[in-house]
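Now for the letters of each chain:
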Amino acid sequence: IVAKLSRSTTRLSQMQDIAGCRILLPDTQSVDAARVRVEARTGGAYLVDDVDDYRVDGRPDTGYRALHLKLIRDGRFVELQLRTTLQHAWAEAVERAGERTGFALKSGEGPDEILSFFRLASDAFAHVENGNRVPPTTRAMLRKGLARVRAYMPAESGPVPTARLPELSFSTRSNNWCIIYNWRAGRFEY
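Residues numbered from 1 in each chain as written. Predicted model: local features only at pLDDT ≥ 70, side-chain atom pairs only at ≥ 80, totals over all residues. Heavy atoms only, no water.

1. Description of helix α3 (residues 85-101)
The first and last C-alpha atoms of α3 sit 24 Å apart over 17 residues, in line with the 24 Å expected at 1.5 Å per residue. All buried positions along α3 are accounted for by Gln87, His88, Trp90, Ala91, Glu92, Val94, Ala97, Gly98 and Thr101. Summarising the contacts, the buried residues of α3 are in contact with β1 (20-25), β4 (76-84) and α4 (112-129). Positioned one or two residues after α3, Gly102 has a phi angle of 85°, which is positive. (Helix = DSSP H or I, 4+ residues; strand = E, 2+ residues; numbered from the N terminus. Expected span 1.5 Å × (residues − 1). Buried < 20%, exposed > 50% of the residue type's maximum accessible area, 1.4 Å probe, protein only. Contact = heavy atoms within 4.5 Å.)

2. Description of empty space enclosed by the protein
In total, this model carries 2 cavities of 30 Å³ or more according to the counting rule given. Size it by volume and the largest cavity reaches roughly 50 Å³. Counting residues per element, the ones that place at least two in the lining of the largest cavity are α3 and α4. When residues of the lining of the largest cavity are assigned to their parent elements, the largest contribution, 4 residues, is made by α4. (1 Å grid on protein atoms, 1.4 Å probe; cavity = no way out; pocket = protein on both sides within 12 Å on 5 of 7 lines; lining within 4 Å. Points joined across faces, edges and corners; volume = space filled by probe spheres on them.)

3. Some thoughts on unusual backbone geometry
We note that Asp74 has phi near 50°; this positive angle belongs to a residue other than glycine. Within the fold, Asp74 resides in the loop between β3 (67-73) and β4.

4. Things to note about the side chain of Gln87
Inspection of the secondary structure assignment puts Gln87 in helix α3. Within the structure, the side chain of Gln87 is placed 2.9 Å from the backbone nitrogen of Thr84, a separation counted as a polar contact. With residues up to four places along the chain from it excluded, the contact list for Gln87 reads Arg55, Arg65, Ala66, Leu82 and Glu129. (Polar contact = N/O pair within 3.5 Å; in protein donor to acceptor, adjacent residues only side chain to side chain.)

5. Things to note about the environment of Pro135
Among the structural elements, Pro135 can be located in the loop between α4 and α5 (136-150). In this structure Pro135 comes out as partly exposed when scored by relative accessible area, which is 27%. When the C-alpha positions of Pro135 and Ala124 are compared, they lie 8.2 Å apart, and in sequence the two are 11 residues distant.

6. Quick notes on the confidence of the model for the protein chain
Averaged over all residues, the pLDDT of the protein chain is 81; the fraction at 70 or higher stands at 71%. Of all the helices and strands in the protein chain, strand β6 (residues 187-189) carries the lowest mean pLDDT, 56, while α4 carries the highest, 95. Note that residues 167-178 has pLDDT below 50 and, in this model, 6 contacts with residues that lie over four places away or in other chains. (pLDDT = per-residue confidence, 0-100.)

7. As for the nonpolar core
Trp90, Leu105, Phe118 and Leu142 are the most contacted members of the largest nonpolar core, which totals 17 residues. Mapped onto this core, the elements with two or more residues apiece are α3, α4 and α5. Looking at this core, the element that brings in the most residues is α4, giving 7 residues. Contacts of Trp90, omitting those with residues within four sequence positions, involve Thr62, Gly63, Tyr64, Phe118, Ala121, Ser122 and Phe125. Counting residues in hydrophobic clusters, the runner-up holds 10 residues, among them Leu25, Val31, Leu69 and Leu71. (Core = buried A, V, L, I, M, F, W, Y, C linked by side-chain atoms within 4.5 Å.)

8. Here's the deal with the pattern of salt bridges
Summed over all chains, the structure comprises 10 salt bridges. Ionic pairing is found between Lys70 and Asp52, a salt bridge with its closest N-O pair at 2.1 Å. Here Asp52 lies in strand β2 (residues 47-53) and Lys70 lies in strand β3, a separation of 18 residues in the sequence. Accessibility classification places Lys70 together with Asp52 in one group, the buried group. Where Lys106 meets Glu95, a salt bridge forms, and the shortest distance between an N and an O atom there is 3.3 Å. Pair noted here: Lys106 is in the loop between α3 and α4 and Glu95 is in helix α3, with a separation of 11 residues, a long-range link. For Lys106, a relative accessible area of 57% puts it in the exposed group. For Glu95, a relative accessible area of 25% puts it in the partly exposed group. One network of salt bridges, in which partners are shared, links Asp32, Asp53 and Arg55. (Salt bridge = Lys/Arg side-chain N within 4 Å of Asp/Glu carboxyl O.)

Rendered as structure tokens:
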């Protein structure tokens with residue numbers, strides 16, 4: 001959130017994704033069904049204010065794919081991200097690559113060869129999700145791009161320890177949590 005605020009002129013009170021949740025679903029049909037269910041239940045506790053559908057073409061700067069529903073609840077914005085498990089795997093790979101390289105890849109910042117590789121990987125995953133084969137030219141470009149991306153990765157310094165989150169962290173009176181995982185240190189921070 002701090003990084004996002006420093007990159008833009010948006011005020012904290014105007015951010016649409018300061019609160020939210022992500023739902024992982026097995027396929028695009030499940031994402032569509034979940035959207036219908038969420039939109040059918042509006043009017044009481046929340047309203048759907050806006051929809052950003054990045055599933056067909058992906059975001060042009062990064063290739064990110066998901067469906068975002070921007071809800072208003074009690075006068076505040078809440079973002080609901082609906083992703084397939086494959087879209088989530090892609091987003092996690094971008095996040096980890098950004099941590100390892102030091103670039104803000106998920107924000108579209110970094111060397112073009114890394115960003116191009118992940119956009120192409122996103123397109124390949126979309127082919128798979130739509131039941132199509134990834135074209136041979138795309139597979140060849142991914143193999144070449146992967147070698148270039150690896151050149152930006154620092155040598156690994158050994159295994160990252162398995163993260164553990166104490167059960168006590170989930171027992172709060174307000175039932176609100178902020179869980180931050182530090183990929184470099186391999187631990188949760190509060």
